[in-house]
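The primary structure of each chain is shown beneath.
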Amino acid sequence: MSEFFIQDRQLSSITRTIVKDEKGKSLFLMVGRWGTKGDALSLYRLDGTLVASIKQISFTFGTRFEIYKDFEKVGTLQKIFNWPGDFYYIQQLHWAVHGDIYNHRYAIHHFNKKIMEMDKATLLTGDYYVIDVVNDEDAPVCICIAAIMDYWLYNRKRKTQQHLELRLTNETS
């Protein structure tokens, strides 16, 4: 099992995101952008090798993302339902993402086998997301899934905030 650390609120942002190990050594660099159909994020090893990527493919009936590992499509992630909590599924991998997405405390399972667990930690250098991956080979895909969860979380908060601002403006007019 390996732990990966990502600075809080950097995972799905448009800026470059560095993924480190538990010793603080930089392992991966995530670059790209979100927002419109066709946008993508790519995850590179520091030697420049592309190891995984995510492509935003649909806004119809909810946003979906294709996940690639080593240039091969491994799955499509989509939100299945959100009651009583969010539940996401990657059909081709048979992976389910569930837990407290809002507080970055969730897990990925393949049936009853744990693939990954996400949590938060405060270190001397700041607040971090901590990704525990059972099999190191799954780490690039798990980091990409964590970026999608982060995107959905902060994009949802932005939409809710915009809706509230619009409603308040209309009520005061």
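Only a predicted model underlies this, so the values are computations on that prediction, with no experimental measurement involved. (Residues numbered from 1 in each chain as written. Predicted model: local features only at pLDDT ≥ 70, side-chain atom pairs only at ≥ 80, totals over all residues. Heavy atoms only, no water.)

**Q** So, the overall build of the protein chain: which residues are in play, and what are the values?
**A** Each helix and strand in the protein chain was counted, giving one helix and 12 strands. Put simply, the protein chain runs from its N terminus to its C terminus through helices and strands in the order β-β-β-β-β-β-β-β-β-β-β-β-α. Classification of the 173 residues of the protein chain by burial places 43% in the buried group. Long-range pairs, those at least 24 residues apart, make up 33% of the contacts in the protein chain with a sequence separation of at least 6. Here the protein chain displays about 9900 Å² of accessible surface, and carbon together with sulfur accounts for 52% of that area. (Helix = DSSP H or I, 4+ residues; strand = E, 2+ residues; numbered from the N terminus. Buried < 20%, exposed > 50% of the residue type's maximum accessible area, 1.4 Å probe, protein only. Contact = heavy atoms within 4.5 Å. Areas by Shrake-Rupley, 256 points an atom, 1.4 Å probe, with all protein chains shown as cover.)

**Q** Explain the side chain of Asp-138 to me, and be specific about the residues and the numbers.
**A** Tracing the chain through its elements places Asp-138 in the loop between strand E12 (126-133) and helix H1 (139-172). Excluding anything up to four places from it in sequence, Asp-138 contacts Trp-95, Ile-115 and Val-133.

**Q** Quick one: what's the story with the environment of Ile-148, residue by residue and with numbers?
**A** Positionally, Ile-148 belongs in helix H1. A sequence separation of 107 residues divides Ile-148 from Leu-41, and the C-alpha atoms of the two residues are 9.5 Å apart. Residue contacts for Ile-148: discarding those within four places in its chain leaves Trp-34, Ile-54, Phe-65, Ile-67 and Leu-77.

**Q** Now, about the pattern of salt bridges: what can you tell me, with residues and values included?
**A** Oppositely charged side chains are able to pair whenever their charged atoms sit close together. By the definition in use, this model includes three salt bridges. Lys-73 serves as the salt-bridge partner of Glu-66, at 3.4 Å between the closest nitrogen and oxygen. Note on Lys-73: relative accessible area 37%, which makes it partly exposed. The salt bridge partner of Glu-117 is Lys-114, with a shortest N-O separation of 3.5 Å. (Salt bridge = Lys/Arg side-chain N within 4 Å of Asp/Glu carboxyl O.)

**Q** Tell me about the packing of aromatic side chains, and name the residues and values.
**A** In total, this model carries three aromatic pairs according to the counting rule given. Here the aromatic rings of Phe-4 and Phe-28 are separated by 6.2 Å at their centres, their planes lie at 45°, and the arrangement is tilted. Of this pair, Phe-4 sits in strand E1 (residues 2-7) while Phe-28 sits in strand E3 (residues 26-32), placing them 24 residues apart in sequence. Like Phe-4, the residue Phe-28 is buried in the burial classification. (Phe/Tyr/Trp six-rings, centres within 6.5 Å; stacked < 30°, edge-to-face > 60°.)

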